[in-house]
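Read off the chains here:
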Amino acid sequence: MKSQKRKDAFAKLTGKCRFLDDYTVPDMLQGYIIYTTIDRGWIRKINFPAGFDLQEFTIVSASDIPGKNIVPEPVNDQPFMTSEVVDNFGQVILGIAHPNREILKKFISLTRIEYERRNAVTDTKECLDNEANQFGEIMHLKHELAPTYNLRHLWKWQQIFYTQHQEQAYLEPQGMLAEYNIEKEEMKITGTMQCPFFVKDAVESIMGKAVKNVVIETSEGIGGAFGGKEDFPNLLAGVTALLAWKAQKPVKIVLDRKDDLLITTNRHPSRVDIIAIMHDQNGFISKIDIDYRLDAGAFQTLSPVVLHRGILHATGGYNIAEVKIKGSLHRSNTPPNGAFRGFGAPQAIFAMESFIDNVAHRLSISPLRLRQLNLLKTGDQLPTSQIVTENHLQDCLDRVVQLSGYKKKFTDFQEYNKTNTVKKGIGLALGLHGGGYTGNGEKVLQSRVKIVLEKNGMVNIYVANVEMGQGAHTTLAQMVNSIFKLPPEKVNVVIPNTSQTPNSGPTVASRTIYVVGNLLQKLAERIKSELGFADLKDHIAKNQNSFPQSFEEVFVPDPADDFDDITNQGVAYHDFSWAACVVEITYDPDLYQIRVDKCWNVLDVGKVINEGIALGQVYGGVVQALGWALTENIYKKGYPRLSGFTDYTLPASLDIPEIKVEFIHTNSPVAKGLGEIPMDYPAPAVRNAFLQATGIMINELPLTPERIFAAQGRSKK
Amino acid sequence: MTISFLLNNEPVTITTEPMRRLLDVLREDLKVRSVKESCGEGECGACSVILAGKPVTSCLVNIAQVEGIEVLTAEGISQTPAGKILIDCFEETNAVQCGFCFTGFLVSCWHYLTTTPVADAEAIKQAISGNICRCTGYVKIIEAVQLACQRINKEQSHEIS
Ligand code: FES
Ligand code: FES
């Protein structure tokens, strides 16, 4: 069956869709920021260049803030702007606006900031290896069932895994437009963002009582986000609003790529230590101890939430009787890391899936057998004591093994590698991802959605969840229309605007379709039964006087879902999505280079609403994960770490393997989370394929030629 | 400096600094919105246009270089027969995601389709290798171009027979 066409495609292909930089309003000033360019220390002096008329510029600093100089986040520790203390490269010192962009850029490039420097931690290992860098709440999760091991065959093994920063690289850089209406004392922000209500909180925080009303609207097009437009927009909107308020003119800031690369949020670097007690011959794991650490950057912001999801995914798709997990954040002097597709789960799953293959390798048993032996099944308990009621991991695994011809290739490649210099490898990995906010998150959020049936027969959907490329607005409309059965063009999602859209929560955590979509569908069903129509178009035509009519619904979680935030016991996620993946690689030892040839993905994401869009999510997520696994490498000690895309190798068309995707158990009544799971598992599958090809255990990402070269040297010694 | 060129088949004349980027002149002076700035250094292809028949990244072209030359952007391409076929195929395959890169892809794919419409995945990958897309993983873009090649070849064989 053909998938319904995306509603936004035509406008995006012809340039009609407006992204933030396409917005102009009369009298608009060009805005920009000046940020710290040292890692740690103090700002001592700001020198503006001579030869400019300062009267023409609007300049704001922390001292202009009428409200609070704190970005609202789960942990309120990051200032919008700094005037003295420097904790990381990229902290905003000044906002500047001028009518002419070229003059503004010139002025900024000639402005000199004098600093006094202090020692800084910018190396991820230096940050994560030293417990003195720990900050924030330490999280614990402990779960003990009766020990299952046979004491005579115990083997204890410890491994440490590291991952590095990953840059979001959404193609549209961050940008905001602020318009201040003096009469109404209203601040309107238009921007490229995932969470309009977060931005509203931020602008209210910085402006305090200076403005009466704050309205946030998303731009028509949002050029990719992946989590990167979850929290940085709060800061940027705050500074842009402050400029517009001081200038009393509209101000637009669009970041240059270089600045976007250097100062916005990245994926958290991680260190994960796994100690397991296993059967010394078959590798049955009876006890596991995991120490999961994230480099949060200079401020905690939303990192505790990432940490939480990380520890809750740390044992992956395995059933282990005794589990002990500790999660901690570490502070470095790099820009705060933030949300990025997967949100702590990819780092956890990388460690666990790599660990499994290391064990298989050490015991000379098949990685598939080892997985089957330890696999999480229906009726088993997660480390949170949550009983798994629906689990198609086994089916995912069986199917991916069959599709890829894993078993035969595994032995064929072993043979092939004996006589060939260029090696072949095949690797497995499992994935799981909890849909929606963690623990009691959805209970607290209480998402609300609205559907308006218009007089003219149109159906308008009001949700705060944005269309950032993932196809949400087409898919949500389709879910509603599965009840109304109108021509697709009659049902639309209205661009989120906080003055008319109910708060259905942020566009994060694979929750848009899973929480908001299923809620909308429930509302549509209620509307249908309340109005009692057989044909909605007819019904509206015949009862013109009673339209427009508006309906709302609030999300009510399953009352049985209880979660204890201190002990981390209970239902962390009502539904999990499941996946299994096989990756086939070729490794050229002369170039130290891995080429991914094929990647098979079998996923259970429940009901698939729009297959074309769903496939696109998997393809895109897989390629992002391959970038994280192989080439995307930011880290250089100190700054500036990147000057542009030239320094950061994003996957291009020539790098992509043949990617096969199959969805199973799609007859489920529920559409589960989909957006993030494809980011969770491909990287360890690649790494495991490399282990099969070469016998070299590399417990770090990315697998760049430099890292492989170094590891090869070590393994020869 | 006064510069005249053909933009999407319409003659335009502007007075401006010769060293300004074609990208800025198109976006700011001529309100051509399909041309996007993403990297500003020739790496991503979001700002692609057809210049004298070839795809180029307009962030690396100075306006002075354009004097007397024909410039085609996604707006113009979408009016051509091959452009229409491509747009249909991108829509039908649900290839578009955030779309920020897509006007750039339209430019390179249109060039491919109008010069070597071979439905070969490797050749298509080569043709779009200068365009970065962070959302789609390229799979559906390639699929859409293959479909467009088949369509255009079918149309042409109809015309001949
Ligand atoms: S903006 Fe011109 S190539 Fe990226
Ligand atoms: S569709 Fe978003 S970058 Fe290509």
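Computed from a predicted structure; not experimentally measured. (Residues numbered from 1 in each chain as written. Chains lettered and ligands numbered in written order. Predicted model: local features only at pLDDT ≥ 70, side-chain atom pairs only at ≥ 80, totals over all residues. Heavy atoms only, no water.)

Quick look at the overall build of chain B now. When you go through chain B residue by residue, the secondary structure sums to 6 helices and 5 strands. Ordered by position from N to C terminus, the α and β elements of chain B give β-β-α-β-β-β-α-α-α-α-α. The C-alpha radius of gyration computed for chain B amounts to 16 Å, which stays within 12% of the reference 15 Å derived for 161 residues, consistent with globular compactness. Across the 161 residues of chain B, 58% fall into the buried class. Long-range pairs, those at least 24 residues apart, make up 59% of the contacts in chain B with a sequence separation of at least 6. When the accessible surface of chain B is summed, it comes to about 6,200 Å², and 53% of that surface belongs to carbon and sulfur atoms. The averaged location of the 19 negative side-chain charges in chain B is 4 Å from the averaged location of its 13 positive side-chain charges. (Helix = DSSP H or I, 4+ residues; strand = E, 2+ residues; numbered from the N terminus. Rg over C-alpha atoms; globule rule 2.2 N^0.38 Å. Buried < 20%, exposed > 50% of the residue type's maximum accessible area, 1.4 Å probe, protein only. Contact = heavy atoms within 4.5 Å. Areas by Shrake-Rupley, 256 points an atom, 1.4 Å probe, with all protein chains shown as cover. Lys, Arg positive; Asp, Glu negative; His and termini not counted. Charge placed at Lys NZ, Arg CZ, Asp CG, Glu CD.)

Another aspect to go through is the state of the cysteines. Residue and element names in this part refer to chain A. One pass over the structure, following the stated rule, counts 0 disulfides over all chains. This cysteine, Cys 599, is not joined by any disulfide, and Cys 581 carries the nearest cysteine sulfur, 3.9 Å off. With a relative accessible area of 1%, Cys 599 lands in the buried category. (Disulfide = S-S within 2.5 Å.)

Residues and elements named next belong to chain A. Phe 547 connects to Pro 548 through a cis peptide bond whose omega is 5 degrees. Positive phi outside glycine occurs at Gln 446, with the angle close to 45 degrees. Looking at the element boundaries, Gln 446 is found in the loop between helix H12 (441–445) and strand E17 (448–453). Judged by its relative accessible area of 48%, Gln 446 falls in the partly exposed class.

Moving on: the pattern of salt bridges. Tallied over the full model, the rule gives 52 salt bridges over all chains. We note a salt bridge from Glu442(A) to Arg511(A), for which the minimum N-O separation is 2.9 Å. Here Glu442(A), found in helix H12, pairs with Arg511(A), found in the loop between strand E19 (491–493) and helix H14 (512–531); they are 69 residues apart in sequence, far enough to count as distant. Here Arg20(B) makes a salt bridge to Glu28(B), at a shortest N to O gap of 3.3 Å. Look at Arg20(B) and you get buried, because its relative accessible area is 14%. The network of salt bridges with shared partners includes Arg101(A), Arg20(B), Arg21(B), Asp24(B), Glu28(B), Asp29(B) and Glu37(B). (Salt bridge = Lys/Arg side-chain N within 4 Å of Asp/Glu carboxyl O.)

With that settled, the discussion passes to the side chain of Thr384(A). Residue and element names in this part refer to chain A. Along the polypeptide, Thr 384 turns up in the loop between helix H9 (367–374) and helix H10 (393–404). The exposure class of Thr 384 is buried, given its relative accessible area of 4%. The residues touching Thr 384, leaving out its near neighbours within four places in the chain, are Leu 141, Leu 312, Phe 563, Asn 568, Gln 569, Gly 570 and Ala 572.

Moving on: the domain arrangement of chain A. Residues and elements named next belong to chain A. Its domain assignment divides chain A into domain 1 (21–119 + 168–263), domain 2 (270–438 + 567–716) and domain 3 (441–554). Relative to domain 3, the C-alpha centre of domain 1 lies at a distance of 34 Å. Tallying the contact residues gives 18 residues for domain 1 and 16 residues for domain 3. For the pair domain 1 and domain 3, the two sides together bury roughly 1,300 Å², of which 65% comes from carbon and sulfur. By the criterion of area lost to domain 3, the three top residues of domain 1 are Gln 194, Phe 197 and Ile 222, representing 40% of everything that side buries. (Domains from an automatic or database assignment. Buried area = accessible area lost by both parts, 1.4 Å probe.)

Residue and element names in this part refer to chain A. Ordered by their spatial adjacency, 4 strands build an open sheet running E16-E23-E24-E25, and the pairing between neighbours is mixed. Looking at which strands have only one partner, the edges of the open sheet turn out to be strand E16 (423–434) and strand E25 (658–663). Each strand axis lies, on average, 15 degrees off the axis of its neighbour in the sheet, ignoring direction. (Pairing = 2+ DSSP bridges. Axes fitted to C-alpha atoms, helices over the stretch in contact; angles between N-to-C directions.)

A few words on the packing of H9(A) against H10(A). Residues and elements named next belong to chain A. At a minimum axis distance of 11 Å, the contact between H9 and H10 shows a crossing angle of 165 degrees. Relative to H10, the element H9 lies roughly antiparallel. In this structure, H9 crosses over H10, and the sense of that crossing is left-handed. Of H10, the residues touching H9 (which contributes Leu 368, Arg 371 and Gln 372) are Gln 394, Leu 397, Asp 398 and Val 401. A class-by-class count of the residues in the contact of H9 with H10 yields 3 nonpolar, 2 polar and 2 charged. (Parallel < 35°, antiparallel > 145°, perpendicular 65-115°, else oblique. Left-handed = near helix turned anticlockwise from the far one by under 90°. Nonpolar A, V, L, I, M, F, W, Y, C, P; charged D, E, K, R; others polar.)

Glancing now at a nonpolar patch on the surface. Residue and element names in this part refer to chain A. A contiguous nonpolar surface patch, about 220 Å² in accessible area, is contributed by Ile 46, Phe 48 and Leu 54. Relative to the elements of secondary structure, Leu 54 occurs in the loop between strand E2 (41–47) and strand E3 (58–60). According to the relative accessible area criterion, Leu 54 is partly exposed, its value standing at 42%. (Patch = residues over 30% accessible without salt bridge, like charges linked within 9 Å, V, L, I, M, F, W, Y side chains within 5 Å.)

Once that is clear, we can look at the sheet that holds strand E1 (residues 29–35) of chain A. All names here are of chain A. Spatial strand order, E3-E5-E1-E12-E9-E10-E11: 7 strands in an open sheet with mixed pairing. Edge positions in the open sheet fall to E3 and strand E11 (213–218), since each of these has one partner strand only. Along the sheet, successive strands turn relative to each other by an average axial angle of 20 degrees, direction set aside. Sheet analysis places strand E9 (residues 175–181) next to strand E12 (residues 251–254), joined by 4 bridges and oriented antiparallel. From the neighbouring strand, Leu 177 faces E12, where its bridge partner is Lys 252. Relative to the sheet, helix H2 (residues 101–110) contacts E1, E3 and strand E5 (92–98), its axis offset from that of E1 by approximately 15 degrees.

Let's shift gears to the interface of chain B and chain A. Every contact between the two is made by 44 residues of chain B and, on the other side, 56 residues of chain A. Interface area, chain B with chain A, both sides summed: about 4,100 Å², of which 57% is carbon and sulfur. A per-residue breakdown of the area chain B buries against chain A is headed by Glu91(B), Asn94(B) and Arg134(B), which together make up 20% of the total. Where chain B packs against chain A, one counts 6 salt bridges. Here Asp22(A) and Lys36(B) are joined by a salt bridge, their closest N and O atoms 2.7 Å apart. Our count for the contact surface shared by chain B and chain A stands at 26 residue pairs in polar contact (both at pLDDT 80 or more). At the level of secondary structure, the elements contributing two or more residues to the side of chain B that touches chain A comprise helix H1 (22–29), helix H2 (74–77), helix H3 (81–92), helix H4 (102–115), helix H5 (121–127) and helix H6 (139–160) of chain B. At 4 residues, H3(B) tops the list of elements feeding residues into the side of chain B that touches chain A. (Polar contact = N/O pair within 3.5 Å; in protein donor to acceptor, adjacent residues only side chain to side chain.)

Attention now goes to H2(A). Residues and elements named next belong to chain A. Within H2, burial applies to Leu 104, Phe 107 and Ile 108. Seen along its axis, H2 keeps its buried residues to an arc of 95 degrees; they face one direction. At its buried positions, H2 is contacted by E1, E3 and E5. Where H2 begins, one side-chain oxygen reaches toward the backbone nitrogen of Glu 102, 2.7 Å away; that side chain belongs to Asn 100. (Arc of directions from axis to C-beta.)

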